[in-house]
Amino acid sequence: MTIAGLPLHPLVVHAAVVLTPLATLLVAAFAVLPRWRWLTRWPAGLTTLVALATVFLARLSGQSLLSSRPELRQLAEVQTHMQRGKLLLWLMLGFTVLTVIGMWALGGPSLMASGRGQQEKRAVVLDRLMPVLLVGGAVVVLVWVVLTGDAGARAVWG
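One structure accompanies this document, and this report is about it. (Residues numbered from 1 in each chain as written. Predicted model: local features only at pLDDT ≥ 70, side-chain atom pairs only at ≥ 80, totals over all residues. Heavy atoms only, no water.)

## Examining the nonpolar core
Counting residues in hydrophobic clusters, the biggest one holds 21 residues, and the most contacted among them are Val55, Met92, Phe95, Met130 and Leu134. Residue assignment for this core shows that the elements contributing at least two residues are helix H1 (8–32), helix H2 (37–68), helix H3 (76–105) and helix H4 (124–157). Look past the residues within four positions of Phe95 in its chain and what remains in contact with it is Thr24, Val27, Thr48, Leu134, Gly137, Ala138 and Val141. (Core = buried A, V, L, I, M, F, W, Y, C linked by side-chain atoms within 4.5 Å. Buried < 20%, exposed > 50% of the residue type's maximum accessible area, 1.4 Å probe, protein only. Helix = DSSP H or I, 4+ residues; strand = E, 2+ residues; numbered from the N terminus. Contact = heavy atoms within 4.5 Å.)

Structure (C-alpha cells):
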C-alpha cells in the first residue's frame with residue numbers, strides 16, 4: 001500500500017495518533033459534563049468511529065508494509081510495535097462500542113429552549129456507571145496509543 005511511492009502506514013499512523021487522543025478527550029468530556037452532552041454527544045461518537053477506522057487502516061497498512069519488507073519482522077522493536085498495534089485495535093473496538101452505548105444510555109439537556117430533543121435517562125445505574133467506564137476506557141486507550149506510537153518511533157528512529 002503506497003501513495004505517490006510512499007508507504008501508506010506512516011501517513012495513516014499520523015491520523016490515528018491525532019484522532020484517537022481527540023476522541024478520548026471528547027468522550028471524557030461527554031461523560032463528565034452532563035450539561036454539555038447536547039454539544040459533545042455526536043462529535044464524541046463520530047470522532048471515535050473515525051479514529052477506529054484510522055487505527056484499523058494503520059493496522060492493515062502496517063501488515064502490508066511488513067509483507068513488502070519482511071526483513072523488518074526480525075527487529076524486536078517492530079515486534080513490540082506490532083503487538084501493541086494489534087491490542088490497540090481491540091481496545092479501540094471495545095472503546096467504540098462503549099461510546100455508542102454511552103451515547104444511547106446517558107441523558108442530557110437539549111440545545112433548544114423548548115427542551116425538544118432532550119435525551120432521557122435510561123437507568124440511574126447507567127447514569128452513574130457509564131461515565132466511570134467511559135473515562136476509564138478513554139484513559140486506557142490514550143495510554144495505549146502513546147505506547148504503540150512510542151514503539152513505532154523507536155522502531156524507526158532507534
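From this point, the narrative continues.
## Focus on the packing of H2 against H3
For the pair H2 and H3, the least separation of the axes is 9 Å and the interaxial angle reads 155°. Classified by the angle their axes make, H2 and H3 are roughly antiparallel. Here H2 runs over H3; the crossing is left-handed. Residue classes in the contact of H2 with H3 are distributed as 16 nonpolar, 6 polar and 3 charged. (Axes fitted to C-alpha atoms, helices over the stretch in contact; angles between N-to-C directions. Parallel < 35°, antiparallel > 145°, perpendicular 65-115°, else oblique. Left-handed = near helix turned anticlockwise from the far one by under 90°. Nonpolar A, V, L, I, M, F, W, Y, C, P; charged D, E, K, R; others polar.)

## Some points on the pattern of salt bridges
Under the counting rule described, the total for this entry stands at 3 salt bridges. Between Arg69 and Glu71 there is a salt bridge, with its nearest N and O atoms 3.0 Å apart. The exposure class assigned to Glu71 is partly exposed, which follows from its relative accessible area of 42%. A salt bridge links Asp150 to Arg154; the nearest nitrogen and oxygen atoms lie 2.9 Å apart. With Asp150 and Arg154 both in helix H4 and 4 residues apart, this pair spans about one turn of that helix. (Salt bridge = Lys/Arg side-chain N within 4 Å of Asp/Glu carboxyl O.)

## A short note on the packing of aromatic side chains
Tallied over the entire structure, the rule returns 1 aromatic pair. Between Arg37 and the ring centre of Phe30, over which it is positioned, the NZ or CZ distance is 5.6 Å. (Phe/Tyr/Trp six-rings, centres within 6.5 Å; stacked < 30°, edge-to-face > 60°. Lys NZ or Arg CZ within 6 Å of the ring centre and 35° of its normal.)

## Description of a nonpolar patch on the surface
A contiguous nonpolar surface patch, about 470 Å² in accessible area, is contributed by Val32, Leu33, Trp36, Trp38 and Leu39. For Leu33, the position within the fold is in the loop between H1 and H2. (Patch = residues over 30% accessible without salt bridge, like charges linked within 9 Å, V, L, I, M, F, W, Y side chains within 5 Å. Areas by Shrake-Rupley, 256 points an atom, 1.4 Å probe, with all protein chains shown as cover.)

## Section: the side chain of His9
Checked against the element boundaries, His9 lands in helix H1. Of the polar contacts made by the side chain of His9, one reaches the backbone oxygen of Ala58; its length is 2.9 Å. Discounting chain neighbours no more than four positions away, the residues touching His9 are Ala58, Ser61, Gly62, Leu65 and His81. (Polar contact = N/O pair within 3.5 Å; in protein donor to acceptor, adjacent residues only side chain to side chain.)

## What to know about the packing of H1 against H2
Two measures define how a pair of helices packs: the angle their axes make with one another and the distance between the axes. Following both chains from N to C, one finds H1 and H2 inclined at 155°, their axes separated by 7 Å at the closest point. With respect to each other, H1 and H2 are oriented roughly antiparallel. Seen along the crossing, H1 lies across H2 with a hand that is left-handed. In the contact of H1 with H2, the residues fall into 20 nonpolar, 8 polar and 2 charged.

## Let's talk about the environment of Trp144
Secondary-structure assignment places Trp144 in helix H4. The exposure class of Trp144 is partly exposed, given its relative accessible area of 21%. Each C-alpha atom of the pair Trp144 and Pro43 lies 22 Å from the other, and the pair is 101 residues apart in sequence.

## Focus: H1
Along its 25 residues, H1 runs 36 Å from first to last C-alpha, staying within 8% of the 36 Å computed at 1.5 Å per residue. Inspection of H1 places Leu8, His9, Val12, Ala16, Thr20, Pro21, Ala23, Thr24, Val27, Ala28, Phe30 and Ala31 among the buried residues, and these make up the whole buried set. Those residues of H1 hidden inside the fold are in contact with strand E1 (2–3), strand E2 (6–7), H2, H3 and H4. (Expected span 1.5 Å × (residues − 1).)

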